[in-house]
Amino acid sequence: TDLTHSIDRFARMFGMLAKREGKTIEVACDPGLTIRVDAQDIEEVLGNLLDNALKWCGSAMSLTARKRSGGIEILIEDDGPGIPAADRAEAMRSGARLDTSKPGTGLGLAIASDLLQAYGATLALEDSAKLGGLAVRIALPPDRVRSAKDRARP
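Residues numbered from 1 in each chain as written. Predicted model: local features only at pLDDT ≥ 70, side-chain atom pairs only at ≥ 80, totals over all residues. Heavy atoms only, no water.

Caption draft 1: Geometry of the nonpolar core. Counting 39 residues, the largest nonpolar core has Leu3, Leu49, Ile74 and Leu125 as the members making the most contacts within it. Those elements giving two or more residues to this core turn out to be helix H1 (3–20), helix H2 (39–56), strand S2 (60–68), strand S3 (71–78), helix H4 (108–118), strand S4 (122–127) and strand S5 (134–140). If you tally residues by element for this core, the top one is H2, at seven residues. In contact with Ile74, not counting residues within four places along its chain, are Leu3, Ile42, Leu46, Leu63, Thr64, Ala65, Val136, Arg137, Ile138 and Leu140. (Core = buried A, V, L, I, M, F, W, Y, C linked by side-chain atoms within 4.5 Å. Buried < 20%, exposed > 50% of the residue type's maximum accessible area, 1.4 Å probe, protein only. Helix = DSSP H or I, 4+ residues; strand = E, 2+ residues; numbered from the N terminus. Contact = heavy atoms within 4.5 Å.)

Take a look at the structure:
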C-alpha cells in the first residue's frame, strides 16, 4: 500500500470537512512511504482516527507520518479535551463511550487497534505535546515497511 498516497487523499478529504466546521488540519508526510498492510485496513484505521480527531478537536488537528527506526510512525493529534490516562484502556474497549455528548458507537478505537494488531502494529493513546489534546500514535514495525528493493520486484 502506498501510505503516502492514502495520507494525501485523507488530508484533502478531512481538510475540506475541517474547513466546513471552521477547523484546520496540518499534515506532514514523508514521501514514498510504502507498507505491507492492506489498503482498506489502513484506510479504515486512518478514517476512524481522523473522524474522532475532527469530532473532538476545538479548532485544530494534525496528521504526521514518518519513517522511524526502520518502521513507520503515524501520529494524529488534536486540541480537544483528550482522554485522561486512567480512562485510556476503557476508551479502547469495544463499545466503550466515555462521553456521550457527541454521536458515535464507541467502536472506532477498538476496530483501529484490532486491525493494527493483526499486522503486528501498535496503537497508543497519549497526551499531545503539540496541540494539548489527544495524540494517537501508530507504530508499524520494520517488517511492515516495504524497501526500495521490494518495490523494484514485479
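Still more ground to cover, so stick around.
Caption draft 2: Fine view of the packing of H1 against H2. Where H1 contacts H2, the two axes come as close as 11 Å, and the packing angle between them is 30 degrees. One element, H1, and the other, H2, form an angle in the roughly parallel class. The chirality of how H1 crosses H2 is right-handed. Contact with H1, carried on its side by Leu3, Ser6, Ile7, Arg9, Phe10, Phe14, Leu17 and Ala18, involves Ile42, Glu43, Leu46, Gly47, Leu50, Asp51 and Leu54 of H2 and no other residues of that element. When its residues are assigned to classes, the contact of H1 with H2 shows 10 nonpolar, two polar and three charged. (Axes fitted to C-alpha atoms, helices over the stretch in contact; angles between N-to-C directions. Parallel < 35°, antiparallel > 145°, perpendicular 65-115°, else oblique. Left-handed = near helix turned anticlockwise from the far one by under 90°. Nonpolar A, V, L, I, M, F, W, Y, C, P; charged D, E, K, R; others polar.)

Caption draft 3: Expanded view of H1. In this model, H1 (18 residues) spans 26 Å end to end at C-alpha, consistent with the 26 Å of a helix rising 1.5 Å per residue. Considered for burial, the residues of H1 that qualify are Leu3, Thr4, Ser6, Ile7, Phe10, Ala11, Phe14 and Ala18. Projection of H1 onto a plane perpendicular to its axis shows the buried side chains occupying an angular sector of 140 degrees, all on one side. Summarising the geometry of H1, the exposed residues directed more than 90 degrees from the buried face are Arg12, Met16, Lys19 and Arg20. Elements in contact with the buried residues of H1: strand S1 (24–29), H2, S2 and S3. Regarding H1, its N-cap is Asp2, as a side-chain oxygen of that residue lies 3.2 Å from the backbone nitrogen of Thr4 further along. Trailing H1 by a residue or two, Gly22 shows a phi angle of about 75 degrees, which is positive. (Expected span 1.5 Å × (residues − 1). Arc of directions from axis to C-beta. Polar contact = N/O pair within 3.5 Å; in protein donor to acceptor, adjacent residues only side chain to side chain.)

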